[in-house]
Amino acid sequence: MKAIRRFTVRPVLPAPLRPLSDLARNLRWSWHTETRELFQAVDPDGWRRVGGDPVRLLGSVSAARLAELAGDRRFLRRLTAAAGELDDYLRGRRWYQTNDRAAEFPAAIAYFSPEFGVTAALPQYSGGLGILAGDHLKAASDLGAPLIGVGLLYRHGYFRQSLSRDGWQQEHYPVLDPNELPVTLLREPDGTPAQIALALPAGRSLRAHVWVAHVGRVPLLMLDSGVEENGPGERDVTDRLYGGGSEHRLLQEMLLGIGGVRAVRAYCRLTGHPEPEVFHTNEGHAGFLGLERIRELGGEGLDFDAALEAVRAGTVFTTHTPVPAGIDRFDRDLVARHLGESGALPGVPVERVLRLGTETYPDGDPRVFNMAVMGLRLAQRANGVSTLHGAVSRGMFAGLWPGFDADEVPIGSITNGVHAPTWVAPEVFRLGARQIGAGRAEDALTVGGSDLWNAVVDIPDAEIWELRRELREQLVIEVRSRLRASWRQRGAGAAELGWVDGVLDPDVLTIGFARRVPSYKRLTLMLRDPDRLRAMLLHPERPVQIVVAGKAHPADDGGKRLVQELVRFADDARVRHRIVFLPDYGMGMAQKLYPGCDVWLNNPLRPLEACGTSGMKAALNGCLNLSVLDGWWDEWYEPDFGWAIPTADGSAATDEDRRDDLEAAALYELVENRIAPRFYDRGRNGLPQRWIEMVRRTLATLGPKVLAGRMVREYVERLYTPAARSHRALDAPVAGEVAAWKARVRTAWPKVAVDHVEALEHAPSGSAELGATLALRVRVALGPLRPDDVEVQAVAGRVDADDAIADARHFPLKPTGGPDLEDRWIYEGPLALDRTGPFGYTVRVLPAHPLLASPADLGLIALPTDTPGTVEPPAQAPR
């Protein structure tokens, strides 16, 4: 029989054990080894059964065991120490509070993301975007940065993956009860749950409760539509991560963005937390948050344009998408129906909202509402997640700023990082801590610094190699356990599975590959030549073993076919002891997989990997990277700590089969002739010294770079603090003045023109000497604008055969006269000829205002009449 209602019976902890509840409810335990070991000591068998989840553990331990622990003085001393350490962590002054620039830092930052991967005990993530968001919160907590995370609580999370007998992916959606998760309900002073409400068409409402997860010092607010007051359709809005059709996704993103701002306001009101000065949109899913803030400011008397300026000033937008197909786009009529006067944003003109998401660039679709385009128009600062991805993003969105070169598009980059305390194996940490002490080692993992990483130089080769073998052996044990469980799910009986005890070998070179399975990540590139792969796996002297994991999206049958192809190869009795596919890839598996591999493989189609942080996590454990030069590897690759897979260029790059053949051949070549020989090349002491030196270089050189602490510090210094400064500068009167100035400039811009350009002296006649100066005189028409409204620049650099300027430098020109009777102004200035070779220059006029974050802010530019220009204002909503 099935229960008609479900609820949770909580244990009553004896008074001496009550600090266990606080420790379990703060997710710092997920990256704090001593706290996890304390919970393991409560009930070692139960800890394994609940998958290392303290909340579930405390709900299952017997009253007799609790009474026993309440009288165990040694356990109570450990509990007191752990509780005291957590209190110090939560209350102490950290990097954010002690920094020389702390007075400039934002009072608070709201960080919105559709998914957060904090721990396997809170399964609210699907892949890299969520794991990155979780690591961002953890690193912010370690640094003392006052973030408020905002997301949704999905009652089914993402799917659990299993395999059918023939290797086809199957999805399962277990029900998650928030009362059994490490979260608490946000409540009003009278004890009733705080509730967020959005108006929907036809008089309906979408209501949500707010669950709070404590990620160290950072609160994570998660909105849950599974409340009784909702109708069945609204109740299911937060059912699944990335589930449902277009309207379902739109409602999720409205709840995340609009409802998320309202949840932040409620949380700050109820807890006294400082109100955010900066709002960070992690990908376009949460972009509606800017519209809610415009609605708020409208209620304070600002018109739409002034409110838009104020909102943009304090907003940061991060794109993770390297291809247009990865962006959410909705039908304009659907958006209009939900955000109109009778919808979620009363008082906000829906036609202005629609313009924010309009694809005004060539080949854009006027029928759709583009969430990334809106995100860029609502944010004064934007970034990609690696240097290469920043360049790809500038090219992808360049059409929003016509007339500007791609490198001037105002999208920067901050390369992702990973939270070392989460991903570094305890054995690796202890090896470093023995060299410099646990306190300094922990600081190196969280705040940053080179102490821990430099200490690797002094660790003997034998200790490093023994550590690597120990981690590999742990992986072998983990793989066998998971493989046996997978085969039982596929219908195999215990008598059929004796061979699993011989799967993998702790002394064999181990390659790992685990990620989501969209086609561009090329899960099956390794199968391009099955015979050659089989020979590598079974080499009599230098064998290779491979561990593979990954999930295809439930709607992606192409991805599922790739999984099945890999599984069928791995099922072959000839090689199944050397290559395995593990279903249900998640954080729990990953924390064993990264440390246990010797080589981490990544072979996406370049440049479609925005960053690719799995290789970073592997590197922190001394695993060497073997990757296409994409994402972060393109930025930091050196031969000292890994290998670069060559990519096909020219005509081969457009012929998919030929490209994959060439790149697979290059992959095989590297493994056969460079990687495996180095791993098995042993000196007189039996150690692979050249391999160990690469491990040492990986830890010492890559370690400090790939940290999430480094990433969050860069966000604070390069984006959050300037955004807070802009937010403070654009109070209501100033925002109105800036909006009026922009409107005046846009209206006047069709009359702005470069009429005439001439060189006054030292003019080159076909050639000039390096170091010479060219004096320019320019006549420009400004219409009703004044010189204070614009900047006139000479743009110069080397030119190619088509006279395109590369590596441009900008030289400001100054007004020297005017206006004449035709409203022309004269500008003059020197142009330094500072480079040899073909050289060229042009002149341009840009809007100028001290509160613009970028010269391209308005998307307006005037060029000489024989050069295409633009009067379209794409950086914000077209007027």
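Engineer: Lay out the environment of W465 with the relevant residues and their values.
Structural biologist: Position of W465 among the secondary structure elements: in helix α21 (residues 461–489). Judged by relative accessible area, which is 11%, W465 ranks as buried. Once the C-alpha coordinates of W465 and L687 are considered, the two residues, 222 residues apart in sequence, prove to be 7.4 Å apart. What W465 contacts, discounting residues up to four positions off in sequence, is R472, F679, R682, L687, P688, W691 and I692.

Engineer: Let's hear about the confidence of the model for the protein: which residues, and what values?
Structural biologist: For the protein, the mean per-residue pLDDT works out to 93, and 96% of the residues sit at or above 70. Throughout residues 867–879 the model reports pLDDT below 50, and contacts reaching past four residues in sequence, or to other chains, amount to 54 contacts.

Engineer: Any chance you could break down the side chain of K560 for me, citing the residues and the numbers?
Structural biologist: As for its position among the elements, K560 is in helix α23 (residues 557–571). Under the relative-accessibility criterion, K560 is labelled buried at 6%. Not counting chain neighbours up to four residues away, the residues in contact with K560 comprise W168, Q169, E171, A552, H553 and P554.

Engineer: A description of the side chain of N99 should follow, citing residues and the corresponding values.
Structural biologist: When you line up the elements, N99 lands in the loop between α7 (95–98) and β1 (109–112). Within polar-contact distance, the side chain of N99 engages the backbone nitrogen of R101 at 2.8 Å. When neighbours within four sequence positions are excluded, N99 is seen to be in contact with F105 and E717.

Engineer: Outline the packing of aromatic side chains, listing residues and values.
Structural biologist: Aromatic rings considered in pairs are described by the distance between their centres and by the relative angle of their planes. The full count for this structure, using the stated rule, is 21 aromatic pairs. Taking the centre distance of 6.3 Å and the plane angle of 65° together, the rings of W95 and Y96 count as edge-to-face. Using a relative accessible area of 14% as the deciding quantity, one classes W95 as buried. A relative accessible area of 6% places Y96 in the buried class.

Engineer: Which residues make up the pairing of strand β8 (residues 218–224), and what are the values?
Structural biologist: In terms of residue burial, β8 counts as a mostly covered element, since seven of its seven residues are buried. Because side chains alternate across β8, one face comprises the buried residues V218, L220, M222 and D224, and the other comprises P219, L221 and L223, equally buried. With seven bridges joining them, strand β7 (residues 205–215) and β8 adopt antiparallel strand pairing. By the bridge assignment, A213 is partnered in β8 with L220. Following β7, the chain reverses through two residues before pairing antiparallel with β8; G216 in that reversal takes a positive phi of roughly 65°.

Engineer: With reference to specific residues and values, describe helix α12 (residues 304–313).
Structural biologist: Within α12, nine of the ten residues are buried, which leaves it mostly tucked inside the rest of the structure. Of all the positions in α12, only F304, A306, A307, L308, E309, A310, V311, R312 and A313 are classed as buried.

Engineer: Please provide a residue-by-residue account of the environment of T321, values included.
Structural biologist: Its place among the elements puts T321 in the loop between β10 (315–318) and β11 (329–331). According to the relative accessible area criterion, T321 is buried, its value standing at 8%. In this structure, the C-alpha to C-alpha distance between T321 and L354, residues 33 residues apart in sequence, is 22 Å. In contact with T321, other than residues within four places in its own chain, are E283, G326, I327, H389, S393 and M396. Separated by 2.8 Å, the side chains of T321 and E283 make a polar contact.

Engineer: I'd love a proper account of the sheet that holds strand β16 (residues 544–549), names of residues and values included.
Structural biologist: Within the open sheet, the six strands sit side by side as β17-β16-β15-β18-β19-β20. Their pairing is parallel. Bordering the open sheet on either side are β17 (579–582) and β20 (642–645), each of which pairs with just one other strand. Direction aside, the axes of adjacent strands within the sheet are offset by 20° on average. As defined by bridge partners, strand β15 (residues 509–514) adjoins β16 across six bridges and the pair is classed as parallel. Note on β16: the bridge partner recorded for T510 is Q545. Contacts between α21 and the sheet are confined to β15, β16 and β17, with β17 contributing the most and set at about 60° to the helix.

Analysis parameters
- Residues numbered from 1 in each chain as written.
- Predicted model: local features only at pLDDT ≥ 70, side-chain atom pairs only at ≥ 80, totals over all residues.
- Heavy atoms only, no water.
- Helix = DSSP H or I, 4+ residues; strand = E, 2+ residues; numbered from the N terminus.
- Buried < 20%, exposed > 50% of the residue type's maximum accessible area, 1.4 Å probe, protein only.
- Contact = heavy atoms within 4.5 Å.
- pLDDT = per-residue confidence, 0-100.
- Polar contact = N/O pair within 3.5 Å; in protein donor to acceptor, adjacent residues only side chain to side chain.
- Phe/Tyr/Trp six-rings, centres within 6.5 Å; stacked < 30°, edge-to-face > 60°.
- Pairing = 2+ DSSP bridges.
- Axes fitted to C-alpha atoms, helices over the stretch in contact; angles between N-to-C directions.

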